Amino acid sequence: MSANRILELVESAEETYRDMSLASVKAWKEKTGGLAIGFMPIYVPRELLHAQGVLPVGIMGGGDDLEIIRGDAYYQSYICHIPRSTIELGLGGQLDCLDGMLFPAICDVIRNLSGMWKFEFPEKLSRYLDVPQDFTPEMGGEFYKSELLALIADLEKRGARPYDKEALRASIRLFNELGGIVRDLYALRRASPWKVPTAELYCLQRAATIWPVEEAITILREYHELVLADETRTPMDQARVVLAGSFCEQPPLGLIKTLERSGCYIVDDDFIQVHRWITRSLDVEGDPLEALVNGFLFDAMASPTRYCGDKTKGTELVTRVETAGAEGVLFCAPSFCDPALLDQPMAVASIEKAGIPWTAFRYSENNGQFQVIREQAGTFADSIKLWSGV
Ligand code: SF4
(Lines give C-alpha, C1' and ligand atoms only; values in the text may rest on other atoms or scores of the structure.)
Protein backbone atom coordinates (compact mmCIF):
# COMPACT_ATOMS: atom_id res chain seq x y z
CA MET A 1 0.00 0.00 0.00
CA SER A 2 2.65 2.51 1.06
CA ALA A 3 4.87 1.38 -1.84
CA ASN A 4 2.06 2.29 -4.23
CA ARG A 5 1.59 5.67 -2.64
CA ILE A 6 5.35 6.38 -2.80
CA LEU A 7 5.28 5.48 -6.48
CA GLU A 8 2.28 7.74 -7.01
CA LEU A 9 4.02 10.71 -5.39
CA VAL A 10 7.22 10.20 -7.37
CA GLU A 11 5.35 9.72 -10.64
CA SER A 12 3.35 12.87 -10.11
CA ALA A 13 6.59 14.76 -9.33
CA GLU A 14 8.22 13.45 -12.49
CA GLU A 15 5.17 14.37 -14.54
CA THR A 16 5.20 17.90 -13.09
CA TYR A 17 8.84 18.65 -13.78
CA ARG A 18 8.79 17.03 -17.23
CA ASP A 19 5.75 19.02 -18.31
CA MET A 20 7.32 21.64 -20.55
CA SER A 21 3.96 23.37 -21.00
CA LEU A 22 3.86 24.20 -17.26
CA ALA A 23 0.20 23.17 -16.98
CA SER A 24 0.30 23.29 -13.17
CA VAL A 25 1.60 26.87 -13.30
CA LYS A 26 -1.18 27.89 -15.68
CA ALA A 27 -3.75 26.28 -13.38
CA TRP A 28 -2.29 28.13 -10.38
CA LYS A 29 -2.45 31.44 -12.24
CA GLU A 30 -6.05 30.88 -13.27
CA LYS A 31 -7.01 30.06 -9.71
CA THR A 32 -5.15 32.87 -7.97
CA GLY A 33 -4.67 35.57 -10.59
CA GLY A 34 -1.10 35.92 -9.33
CA LEU A 35 2.12 36.39 -11.25
CA ALA A 36 4.49 33.50 -11.95
CA ILE A 37 8.20 34.19 -12.35
CA GLY A 38 10.71 31.63 -13.61
CA PHE A 39 14.13 31.31 -12.09
CA MET A 40 17.25 29.51 -13.17
CA PRO A 41 19.66 27.55 -10.99
CA ILE A 42 21.13 27.89 -8.46
CA TYR A 43 19.46 30.12 -5.93
CA VAL A 44 16.94 32.93 -5.78
CA PRO A 45 15.19 34.19 -2.63
CA ARG A 46 11.84 32.53 -3.33
CA GLU A 47 10.55 33.79 0.01
CA LEU A 48 10.47 37.31 -1.36
CA LEU A 49 8.44 36.32 -4.42
CA HIS A 50 6.03 34.30 -2.33
CA ALA A 51 5.54 37.20 0.09
CA GLN A 52 4.44 39.37 -2.85
CA GLY A 53 1.97 36.75 -4.04
CA VAL A 54 4.23 35.55 -6.88
CA LEU A 55 4.76 31.88 -7.75
CA PRO A 56 8.47 31.11 -8.19
CA VAL A 57 8.93 28.52 -10.94
CA GLY A 58 12.19 26.61 -11.33
CA ILE A 59 13.33 26.50 -14.95
CA MET A 60 16.09 23.90 -15.04
CA GLY A 61 16.44 23.46 -18.80
CA GLY A 62 14.65 21.20 -21.22
CA GLY A 63 16.18 17.89 -20.12
CA ASP A 64 15.99 14.99 -22.53
CA ASP A 65 12.44 15.76 -23.67
CA LEU A 66 13.13 18.75 -25.85
CA GLU A 67 14.49 18.89 -29.36
CA ILE A 68 16.76 21.90 -29.81
CA ILE A 69 16.16 23.60 -33.13
CA ARG A 70 16.63 27.34 -32.64
CA GLY A 71 18.50 27.31 -29.33
CA ASP A 72 21.73 26.07 -30.94
CA ALA A 73 21.93 29.19 -33.07
CA TYR A 74 22.33 31.32 -29.94
CA TYR A 75 25.37 29.57 -28.47
CA GLN A 76 28.68 28.27 -29.67
CA SER A 77 29.23 24.53 -29.68
CA TYR A 78 31.59 24.78 -26.68
CA ILE A 79 28.88 26.12 -24.36
CA CYS A 80 26.82 23.93 -22.02
CA HIS A 81 23.32 22.80 -22.93
CA ILE A 82 20.97 24.52 -20.47
CA PRO A 83 20.97 28.00 -22.07
CA ARG A 84 20.09 26.49 -25.47
CA SER A 85 17.14 24.55 -24.11
CA THR A 86 15.96 27.52 -22.06
CA ILE A 87 15.98 29.76 -25.14
CA GLU A 88 14.25 26.98 -27.08
CA LEU A 89 11.51 26.82 -24.45
CA GLY A 90 11.12 30.59 -24.54
CA LEU A 91 10.96 30.84 -28.32
CA GLY A 92 8.66 27.82 -28.50
CA GLY A 93 6.10 29.56 -26.29
CA GLN A 94 6.27 27.01 -23.47
CA LEU A 95 7.23 29.74 -21.00
CA ASP A 96 4.54 32.20 -22.14
CA CYS A 97 2.62 31.72 -18.91
CA LEU A 98 5.55 33.18 -16.98
CA ASP A 99 5.50 36.89 -16.31
CA GLY A 100 9.23 37.07 -16.16
CA MET A 101 12.51 35.32 -15.51
CA LEU A 102 15.25 35.71 -12.91
CA PHE A 103 18.82 34.87 -13.84
CA PRO A 104 20.97 34.46 -10.76
CA ALA A 105 24.62 35.44 -11.17
CA ILE A 106 26.44 32.14 -11.42
CA CYS A 107 28.45 32.36 -14.64
CA ASP A 108 28.91 34.35 -17.85
CA VAL A 109 26.59 32.03 -19.77
CA ILE A 110 23.67 32.89 -17.51
CA ARG A 111 24.59 36.57 -17.69
CA ASN A 112 24.50 36.40 -21.48
CA LEU A 113 21.24 34.52 -21.40
CA SER A 114 19.67 37.26 -19.29
CA GLY A 115 20.69 39.79 -21.96
CA MET A 116 19.22 37.65 -24.72
CA TRP A 117 16.03 37.29 -22.74
CA LYS A 118 15.64 41.06 -22.46
CA PHE A 119 16.12 41.30 -26.18
CA GLU A 120 13.79 38.44 -27.15
CA PHE A 121 11.05 39.04 -24.60
CA PRO A 122 11.00 42.80 -23.97
CA GLU A 123 7.45 42.69 -22.64
CA LYS A 124 8.41 40.37 -19.76
CA LEU A 125 10.33 41.03 -16.60
CA SER A 126 13.88 39.86 -17.12
CA ARG A 127 16.21 40.39 -14.23
CA TYR A 128 19.82 39.43 -13.70
CA LEU A 129 20.00 38.86 -9.98
CA ASP A 130 23.47 39.97 -9.01
CA VAL A 131 24.83 38.52 -5.80
CA PRO A 132 27.78 39.61 -3.68
CA GLN A 133 31.16 37.92 -3.66
CA ASP A 134 32.13 39.99 -0.64
CA PHE A 135 30.54 38.67 2.51
CA THR A 136 30.83 41.59 4.89
CA PRO A 137 27.52 43.16 5.94
CA GLU A 138 28.81 46.68 5.16
CA MET A 139 29.78 45.84 1.58
CA GLY A 140 28.26 42.60 0.27
CA GLY A 141 25.29 42.83 2.63
CA GLU A 142 24.36 46.36 1.57
CA PHE A 143 24.82 45.43 -2.09
CA TYR A 144 22.63 42.35 -1.84
CA LYS A 145 19.96 44.26 0.05
CA SER A 146 19.86 46.86 -2.72
CA GLU A 147 19.43 44.04 -5.27
CA LEU A 148 16.53 42.63 -3.27
CA LEU A 149 14.90 46.05 -2.98
CA ALA A 150 15.24 46.51 -6.74
CA LEU A 151 13.63 43.10 -7.27
CA ILE A 152 10.76 44.05 -4.93
CA ALA A 153 10.21 47.26 -6.92
CA ASP A 154 10.29 45.37 -10.24
CA LEU A 155 7.70 42.89 -9.01
CA GLU A 156 5.46 45.65 -7.71
CA LYS A 157 5.63 47.43 -11.08
CA ARG A 158 4.41 44.21 -12.70
CA GLY A 159 1.39 44.10 -10.42
CA ALA A 160 2.67 41.97 -7.55
CA ARG A 161 1.52 42.68 -4.02
CA PRO A 162 3.44 45.49 -2.32
CA TYR A 163 6.24 44.37 -0.03
CA ASP A 164 5.11 43.70 3.49
CA LYS A 165 7.42 42.70 6.35
CA GLU A 166 4.95 40.36 8.03
CA ALA A 167 4.14 38.64 4.76
CA LEU A 168 7.86 38.03 4.20
CA ARG A 169 8.21 36.67 7.71
CA ALA A 170 5.37 34.21 7.03
CA SER A 171 6.93 33.19 3.70
CA ILE A 172 10.30 32.63 5.37
CA ARG A 173 8.58 30.30 7.84
CA LEU A 174 7.15 28.26 4.96
CA PHE A 175 10.42 27.98 3.06
CA ASN A 176 12.21 27.17 6.31
CA GLU A 177 9.80 24.28 6.67
CA LEU A 178 10.39 23.06 3.12
CA GLY A 179 14.17 23.38 3.53
CA GLY A 180 13.96 21.45 6.79
CA ILE A 181 12.12 18.55 5.15
CA VAL A 182 14.63 18.41 2.29
CA ARG A 183 17.51 18.42 4.78
CA ASP A 184 15.77 15.63 6.73
CA LEU A 185 15.49 13.60 3.53
CA TYR A 186 19.19 14.14 2.81
CA ALA A 187 19.99 13.03 6.36
CA LEU A 188 17.81 9.93 6.00
CA ARG A 189 19.49 9.09 2.70
CA ARG A 190 22.94 9.45 4.32
CA ALA A 191 21.87 7.09 7.10
CA SER A 192 19.84 4.62 4.99
CA PRO A 193 20.32 5.29 1.26
CA TRP A 194 18.19 2.30 0.31
CA LYS A 195 15.18 4.07 1.83
CA VAL A 196 15.56 7.22 -0.28
CA PRO A 197 16.69 6.36 -3.81
CA THR A 198 18.30 9.42 -5.35
CA ALA A 199 16.18 9.15 -8.49
CA GLU A 200 13.07 9.62 -6.31
CA LEU A 201 14.54 12.46 -4.29
CA TYR A 202 15.60 14.17 -7.51
CA CYS A 203 12.09 14.05 -9.02
CA LEU A 204 10.51 15.35 -5.84
CA GLN A 205 12.99 18.18 -5.49
CA ARG A 206 12.60 19.24 -9.09
CA ALA A 207 8.83 19.32 -8.83
CA ALA A 208 9.16 21.22 -5.55
CA THR A 209 10.65 24.12 -7.53
CA ILE A 210 7.38 24.30 -9.49
CA TRP A 211 4.68 23.36 -6.99
CA PRO A 212 3.53 26.16 -4.68
CA VAL A 213 5.54 25.86 -1.48
CA GLU A 214 2.51 24.82 0.58
CA GLU A 215 1.86 21.88 -1.75
CA ALA A 216 5.55 20.95 -1.87
CA ILE A 217 5.66 20.80 1.94
CA THR A 218 2.64 18.47 2.08
CA ILE A 219 3.96 16.11 -0.60
CA LEU A 220 7.55 15.93 0.61
CA ARG A 221 6.41 15.44 4.19
CA GLU A 222 4.15 12.57 3.17
CA TYR A 223 6.98 10.98 1.16
CA HIS A 224 9.35 11.32 4.12
CA GLU A 225 6.88 9.64 6.48
CA LEU A 226 6.18 6.83 4.01
CA VAL A 227 9.80 5.94 3.28
CA LEU A 228 10.67 6.12 6.97
CA ALA A 229 7.98 3.57 7.76
CA ASP A 230 8.55 1.35 4.72
CA GLU A 231 10.17 -1.92 5.78
CA THR A 232 10.22 -3.43 2.31
CA ARG A 233 13.24 -1.41 1.17
CA THR A 234 16.32 -3.25 2.32
CA PRO A 235 20.06 -2.50 2.04
CA MET A 236 22.27 -3.81 -0.74
CA ASP A 237 26.03 -4.05 -0.97
CA GLN A 238 26.62 -0.81 -2.86
CA ALA A 239 29.46 1.73 -2.73
CA ARG A 240 28.60 5.00 -1.00
CA VAL A 241 29.53 7.96 -3.19
CA VAL A 242 29.18 11.73 -3.22
CA LEU A 243 28.18 13.14 -6.59
CA ALA A 244 29.78 16.54 -7.22
CA GLY A 245 29.43 19.12 -9.98
CA SER A 246 25.77 18.92 -11.06
CA PHE A 247 24.61 22.17 -9.50
CA CYS A 248 23.31 24.01 -12.57
CA GLU A 249 22.39 22.03 -15.69
CA GLN A 250 20.65 19.00 -14.24
CA PRO A 251 21.47 15.47 -15.36
CA PRO A 252 18.80 13.40 -17.09
CA LEU A 253 16.90 11.14 -14.72
CA GLY A 254 18.17 8.13 -16.66
CA LEU A 255 21.74 9.00 -15.68
CA ILE A 256 20.88 8.99 -11.98
CA LYS A 257 19.07 5.67 -12.30
CA THR A 258 22.06 4.28 -14.19
CA LEU A 259 24.45 5.29 -11.42
CA GLU A 260 22.25 3.68 -8.79
CA ARG A 261 21.92 0.50 -10.86
CA SER A 262 25.66 0.37 -11.43
CA GLY A 263 26.23 -0.28 -7.73
CA CYS A 264 26.41 3.23 -6.22
CA TYR A 265 24.46 4.65 -3.34
CA ILE A 266 24.53 8.40 -3.88
CA VAL A 267 24.70 9.69 -0.31
CA ASP A 268 25.16 13.36 -1.15
CA ASP A 269 24.80 15.41 -4.33
CA ASP A 270 24.65 18.92 -5.76
CA PHE A 271 21.23 18.66 -7.43
CA ILE A 272 18.61 21.43 -7.22
CA GLN A 273 20.45 23.35 -4.56
CA VAL A 274 17.84 26.07 -4.24
CA HIS A 275 16.16 24.08 -1.45
CA ARG A 276 19.40 23.73 0.49
CA TRP A 277 21.43 26.76 -0.59
CA ILE A 278 20.86 28.38 2.79
CA THR A 279 22.04 25.63 5.09
CA ARG A 280 19.84 26.42 8.06
CA SER A 281 16.46 27.95 8.81
CA LEU A 282 16.44 31.73 8.37
CA ASP A 283 15.72 33.93 11.38
CA VAL A 284 12.08 34.86 11.79
CA GLU A 285 12.74 37.46 14.47
CA GLY A 286 13.95 40.94 13.48
CA ASP A 287 13.96 42.37 9.96
CA PRO A 288 13.08 39.56 7.52
CA LEU A 289 14.92 41.25 4.64
CA GLU A 290 18.06 41.25 6.80
CA ALA A 291 17.41 37.56 7.48
CA LEU A 292 17.54 36.85 3.74
CA VAL A 293 20.73 38.90 3.38
CA ASN A 294 22.42 37.30 6.39
CA GLY A 295 21.45 33.82 5.22
CA PHE A 296 23.15 34.49 1.90
CA LEU A 297 26.25 36.04 3.45
CA PHE A 298 26.89 33.62 6.28
CA ASP A 299 24.99 30.39 5.75
CA ALA A 300 25.06 29.64 2.03
CA MET A 301 26.56 26.43 0.68
CA ALA A 302 30.13 26.37 -0.55
CA SER A 303 29.93 26.35 -4.33
CA PRO A 304 32.21 26.80 -7.33
CA THR A 305 30.03 29.81 -8.15
CA ARG A 306 30.81 31.48 -4.85
CA TYR A 307 34.07 33.12 -3.82
CA CYS A 308 35.65 31.14 -1.01
CA GLY A 309 38.31 33.59 0.18
CA ASP A 310 41.34 32.11 1.91
CA LYS A 311 39.77 28.69 2.37
CA THR A 312 41.23 25.83 0.36
CA LYS A 313 38.98 24.77 -2.50
CA GLY A 314 37.77 21.24 -2.03
CA THR A 315 38.01 21.26 1.78
CA GLU A 316 34.26 21.42 1.96
CA LEU A 317 33.98 18.40 -0.36
CA VAL A 318 36.23 16.40 1.97
CA THR A 319 33.97 17.38 4.87
CA ARG A 320 30.91 16.31 2.92
CA VAL A 321 32.46 12.94 2.13
CA GLU A 322 33.25 12.43 5.80
CA THR A 323 29.83 13.59 7.01
CA ALA A 324 28.09 11.31 4.52
CA GLY A 325 30.32 8.34 5.38
CA ALA A 326 31.06 8.13 1.65
CA GLU A 327 33.75 5.93 0.16
CA GLY A 328 34.42 7.91 -2.99
CA VAL A 329 33.51 10.87 -5.19
CA LEU A 330 31.96 10.88 -8.63
CA PHE A 331 32.65 14.17 -10.40
CA CYS A 332 29.60 14.43 -12.58
CA ALA A 333 29.55 17.82 -14.28
CA PRO A 334 27.80 19.12 -17.38
CA SER A 335 29.99 19.31 -20.47
CA PHE A 336 31.51 22.79 -20.86
CA CYS A 337 30.46 23.94 -17.40
CA ASP A 338 33.25 26.36 -16.52
CA PRO A 339 32.47 26.78 -12.81
CA ALA A 340 32.35 23.02 -12.23
CA LEU A 341 35.27 22.03 -14.43
CA LEU A 342 37.62 24.82 -13.35
CA ASP A 343 37.09 23.90 -9.71
CA GLN A 344 37.50 20.18 -10.24
CA PRO A 345 41.35 20.02 -10.22
CA MET A 346 41.44 21.89 -6.89
CA ALA A 347 38.75 19.65 -5.43
CA VAL A 348 40.65 16.59 -6.69
CA ALA A 349 43.85 17.84 -4.99
CA SER A 350 41.97 18.13 -1.69
CA ILE A 351 40.28 14.74 -1.81
CA GLU A 352 43.44 12.97 -2.98
CA LYS A 353 45.28 14.48 -0.03
CA ALA A 354 42.57 12.98 2.17
CA GLY A 355 42.96 9.58 0.44
CA ILE A 356 39.48 9.59 -1.08
CA PRO A 357 39.09 7.71 -4.38
CA TRP A 358 37.34 9.45 -7.26
CA THR A 359 36.42 9.22 -10.90
CA ALA A 360 34.95 11.75 -13.31
CA PHE A 361 32.65 11.94 -16.31
CA ARG A 362 30.51 14.55 -18.01
CA TYR A 363 26.97 14.69 -19.23
CA SER A 364 24.56 16.87 -21.08
CA GLU A 365 20.95 17.26 -19.92
CA ASN A 366 19.75 15.58 -23.13
CA ASN A 367 22.06 12.53 -22.97
CA GLY A 368 20.22 9.33 -23.74
CA GLN A 369 23.05 6.78 -23.75
CA PHE A 370 24.57 5.79 -20.45
CA GLN A 371 26.36 2.53 -21.19
CA VAL A 372 29.88 4.00 -20.92
CA ILE A 373 29.02 5.82 -17.70
CA ARG A 374 27.44 2.67 -16.33
CA GLU A 375 30.63 0.71 -16.95
CA GLN A 376 32.82 3.45 -15.48
CA ALA A 377 30.68 3.95 -12.35
CA GLY A 378 30.23 0.19 -11.95
CA THR A 379 33.97 -0.41 -12.12
CA PHE A 380 34.53 2.42 -9.64
CA ALA A 381 31.96 0.95 -7.23
CA ASP A 382 33.49 -2.53 -7.58
CA SER A 383 36.99 -1.23 -6.95
CA ILE A 384 35.80 0.51 -3.80
CA LYS A 385 34.09 -2.63 -2.56
CA LEU A 386 37.06 -4.84 -3.39
CA TRP A 387 40.04 -2.71 -2.42
CA SER A 388 39.09 0.13 -0.10
CA GLY A 389 40.75 -0.29 3.27
CA VAL A 390 43.18 -2.91 1.92
S1 SF4 B 1 25.97 24.56 -16.65
FE2 SF4 B 1 27.75 25.66 -15.84
S3 SF4 B 1 28.48 26.95 -17.53
FE4 SF4 B 1 26.39 26.28 -18.03
S5 SF4 B 1 25.07 27.92 -17.33
FE6 SF4 B 1 25.25 26.45 -15.66
S7 SF4 B 1 26.97 27.13 -14.36
FE8 SF4 B 1 27.09 28.22 -16.34
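Before reading further, recall that the structure is shown in the block above.
Residues numbered from 1 in each chain as written. Predicted model: local features only at pLDDT ≥ 70, side-chain atom pairs only at ≥ 80, totals over all residues.

Asks: Residue-level account of the packing of helix 8 (residues 198-207) against helix 10 (residues 253-261), with values.
Replies: Between two packed helices, both the angle of their axes relative to each other and the distance between the axes serve to describe the pair. Where helix 8 meets helix 10, the closest approach of the two axes is 9 Å, and the angle between their N-to-C directions is 155 degrees. The orientation of helix 8 relative to helix 10 falls into the category roughly antiparallel. Touching Thr 198, Ala 199, Tyr 202 and Cys 203 of helix 8 are Leu 253, Ile 256, Lys 257 and Glu 260, all from helix 10. Along the lines of polarity and charge, the residues of the contact of helix 8 with helix 10 split into 5 nonpolar, 1 polar and 2 charged. (Axes fitted to C-alpha atoms, helices over the stretch in contact; angles between N-to-C directions. Helix = DSSP H or I, 4+ residues; strand = E, 2+ residues; numbered from the N terminus. Parallel < 35°, antiparallel > 145°, perpendicular 65-115°, else oblique. Contact = placed C-beta atoms within 7 Å. Nonpolar A, V, L, I, M, F, W, Y, C, P; charged D, E, K, R; others polar.)

Asks: Talk me through the environment of Thr 312; I want residue IDs and the actual numbers.
Replies: Here Thr 312 lies in the loop between helix 11 (288-298) and helix 12 (315-324). When the 13 C-beta atoms within 10 Å are taken as the criterion, Thr 312 is described as partly exposed. Distance in space between the C-alpha atoms of Thr 312 and Ser 350 is 8.0 Å, their sequence separation being 38 residues. (Buried ≥ 20, exposed ≤ 12 C-beta atoms within 10 Å, placed from the backbone.)

Asks: So, the site of the ligand: which residues are in play, and what are the values?
Replies: In the region of the ligand, 14 residues are neighbours, and Cys 80, Cys 107, Cys 248, Glu 249 and Cys 337 sit closest. Elements with a contribution of two residues or more to the shell around the ligand: helix 4 (82-91), helix 5 (108-120) and helix 13 (338-353). In terms of residue count, helix 13 provides more of the shell around the ligand than any other element does, 3 residues in total. A class-by-class count of the residues in the shell around the ligand yields 12 nonpolar, no polar and 2 charged. (Near = placed C-beta within 6 Å.)

Asks: Describe the sheet that holds strand 5 (residues 239-244), listing the residues and the values that go with them.
Replies: If you trace the 4 strands from one edge of the open sheet to the other, you get 6-5-7-8, paired in parallel fashion. Among the strands making up the open sheet, the edge pair consists of strand 6 (264-268) and strand 8 (358-363). Each strand axis lies, on average, 35 degrees off the axis of its neighbour in the sheet, ignoring direction. Alignment of strand 5 against strand 7 (residues 328-334), held across 4 bridges, turns out to be parallel. Counted as the bridge partner of Val 242 is Val 329 from strand 7. (Pairing = 2+ DSSP bridges.)

Asks: Please set out the nonpolar core residue by residue, giving values where relevant.
Replies: Judged by nonpolar contacts, the single largest core of 110 residues is most densely connected at Ala 36, Ile 37, Val 57, Leu 204, Val 241, Val 242 and Val 329. The contacts of Val 57, once residues within four sequence positions are left out, are Leu 22, Val 25, Ala 36, Ile 37, Gly 38, Phe 39, Leu 98 and Ile 210. (Core = buried A, V, L, I, M, F, W, Y, C linked by C-beta atoms within 7 Å.)

Asks: So what about the packing of helix 7 (residues 165-191) against helix 9 (residues 213-229)? Which residues, and what values?
Replies: Close contact between helix 7 and helix 9 brings their axes to 10 Å; oriented N to C, the two are set at 25 degrees. Relative to helix 9, helix 7 is oriented roughly parallel. The way helix 7 lies across helix 9 gives a crossing that is left-handed. Only Val 213, Glu 214, Ala 216, Ile 217, Leu 220, Arg 221, His 224 and Leu 228 of helix 9 make contact with helix 7, whose side of the interface consists of Leu 174, Phe 175, Glu 177, Leu 178, Ile 181, Val 182, Asp 184, Leu 185 and Leu 188. Split into classes, the residues belonging to the contact of helix 7 with helix 9 amount to 12 nonpolar, 1 polar and 4 charged. (Left-handed = near helix turned anticlockwise from the far one by under 90°.)

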